[in-house]
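Now for the letters of each chain:
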Amino acid sequence: MIHHSTDREAGAVEQYLEESLGLQVESLEKGREHGRAAGLPPIEVSAGQGKFLQLLAEMIGARRVLEIGTLGGYSTSWLALGVGSAGKVITCEFEPLHASVARENLERSGLADRVEIKLGAARGALDTLIAKRSEAFDLIFIDADKRNNVVYLERALKLSHPGTVLVVDNVVRGGAILDDPGQLGSQEADVRGVQESLLWLRDHPRISVTALQTLGSKGWDGFALARVL
């Protein structure tokens, strides 16, 4: 029998999985609480998704990771765990408050020496990395303003090598990608950005891609997972 779950049940299942597998890391959870107290929006990845990013980095042997969208440093911390003490995470954040909270959280968790936060518009930071011929990244996680997804992907590809893994978060948006963006009001630019980025990933000759739906405490969403050829 198929059990049709509600968002509330999905959140309870997510909590059960986190508790059963011991996924929460105390220092990272304190960082999440610090972000709440500072007024940051509760939109970071879940503990299960964070552990997924860590495992992904470990499985591909990533030593250089690029993140677009730091928020309070929660996903950043998981990625920093994934690259290990010899690795490096460069993360781009537009909001000064978010970057400040992230720095504090990374210091608290003992991961600050593995992370460099670039404050300002991500497009500019990425263009600077490209201009300086930065060493290619092994894993790139895109989780920022969705309207600029294609901009970020174009630049991510220039900062990649064959085998680089790309993860683009929030590509389902509660099913809104099925709708005409013109009917979505304030969501229009972000939904259009997601739709365009999925087509970009599909059509680019150097990209192999899939996308998966997710359901949990953050509701119905999903992520795209791609490999640079």
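Scroll up a little and you will see the structure.
Everything quoted here is computed from the prediction, not taken from an experiment. (Residues numbered from 1 in each chain as written. Predicted model: local features only at pLDDT ≥ 70, side-chain atom pairs only at ≥ 80, totals over all residues. Heavy atoms only, no water.)

### So, the layout of surface pockets
Counted as a void, the second largest pocket has a volume near 190 Å³. Residue lining of the second largest pocket: 13 residues in total, with Glu14, Glu18, Arg32, Ser46 and Ser217 positioned closest to the centre. Counting residues per element, the ones that place at least two in the lining of the second largest pocket are α1 (7-21) and α2 (26-37). Here the element with the most residues in the lining of the second largest pocket is α1; it accounts for four residues. Counted by class, the lining of the second largest pocket contains two nonpolar, five polar and six charged residues. (1 Å grid on protein atoms, 1.4 Å probe; cavity = no way out; pocket = protein on both sides within 12 Å on 5 of 7 lines; lining within 4 Å. Points joined across faces, edges and corners; volume = space filled by probe spheres on them. Helix = DSSP H or I, 4+ residues; strand = E, 2+ residues; numbered from the N terminus. Nonpolar A, V, L, I, M, F, W, Y, C, P; charged D, E, K, R; others polar.)

### Observations regarding helix α8 (residues 188-203)
Taking 1.5 Å as the rise per residue, α8 with 16 residues should run 22 Å; its terminal C-alpha atoms sit 23 Å apart, in good agreement. Of the residues making up α8, those classed as buried are Asp190, Val191, Gly193, Val194, Gln195, Ser197, Trp200 and Leu201. Close packing links the buried residues of α8 with α7 (149-158), β5 (160-169), β6 (207-216) and β7 (219-228). (Expected span 1.5 Å × (residues − 1). Buried < 20%, exposed > 50% of the residue type's maximum accessible area, 1.4 Å probe, protein only. Contact = heavy atoms within 4.5 Å.)

### A short note on the packing of aromatic side chains
Using the criterion set out here, one finds two aromatic pairs in the structure. Each ring, one from Phe52 and one from Phe223, has its centre 5.4 Å from the other, and the planes form 50°; the classification is tilted. A residue pair is termed long-range when its members are at least 10 positions apart, and Phe52 in helix α3 (residues 47-59) and Phe223 in strand β7 qualify at 171 residues. Their ring planes at 80° and their centres at 6.3 Å tell us that Tyr74 and Trp78 sit as a pair that is edge-to-face. With Tyr74 and Trp78 both in helix α4 (residues 74-83) and four residues apart, this pair spans about one turn of that helix. For the pair Tyr74 and Trp78, a shared accessibility class is recorded, and that class is buried. Sitting over the ring of Tyr74, Arg32 keeps its end group 4.1 Å from the ring centre. Sitting over the face of the ring of Phe137, Arg64 holds its NZ or CZ atom 4.4 Å from the ring centroid. (Phe/Tyr/Trp six-rings, centres within 6.5 Å; stacked < 30°, edge-to-face > 60°. Lys NZ or Arg CZ within 6 Å of the ring centre and 35° of its normal.)

### Side note on a nonpolar patch on the surface
Where nonpolar side chains cluster on the molecular surface, the patch consists of Val13, Tyr16, Leu17 and Leu21 and spans about 430 Å² of accessible area. Note on placement: Val13 falls in helix α1. With relative accessibility at 47%, the residue Val13 sits in the partly exposed group. (Patch = residues over 30% accessible without salt bridge, like charges linked within 9 Å, V, L, I, M, F, W, Y side chains within 5 Å. Areas by Shrake-Rupley, 256 points an atom, 1.4 Å probe, with all protein chains shown as cover. Salt bridge = Lys/Arg side-chain N within 4 Å of Asp/Glu carboxyl O.)

### Notes on the pattern of salt bridges
Tallying each qualifying case throughout the model produces 11 salt bridges. The salt bridge involving Arg155 is made with Asp127; its shortest N-O contact spans 2.7 Å. With Arg155 in helix α7 and Asp127 in helix α6 (residues 122-131), this residue pair connects regions lying 28 residues apart in the sequence. In this structure Arg155 comes out as buried when scored by relative accessible area, which is 16%. For the salt bridge of Glu188 with Arg192, the shortest nitrogen-to-oxygen distance reads 3.2 Å. Taken together, the positions of Glu188 and Arg192, both in helix α8 and four residues apart, correspond to about one turn of that helix. Arg192 sits in the partly exposed class, given a relative accessible area of 34%. It is possible to trace a salt-bridge network through shared partners that takes in Glu29, Arg32, Arg36 and Glu44.

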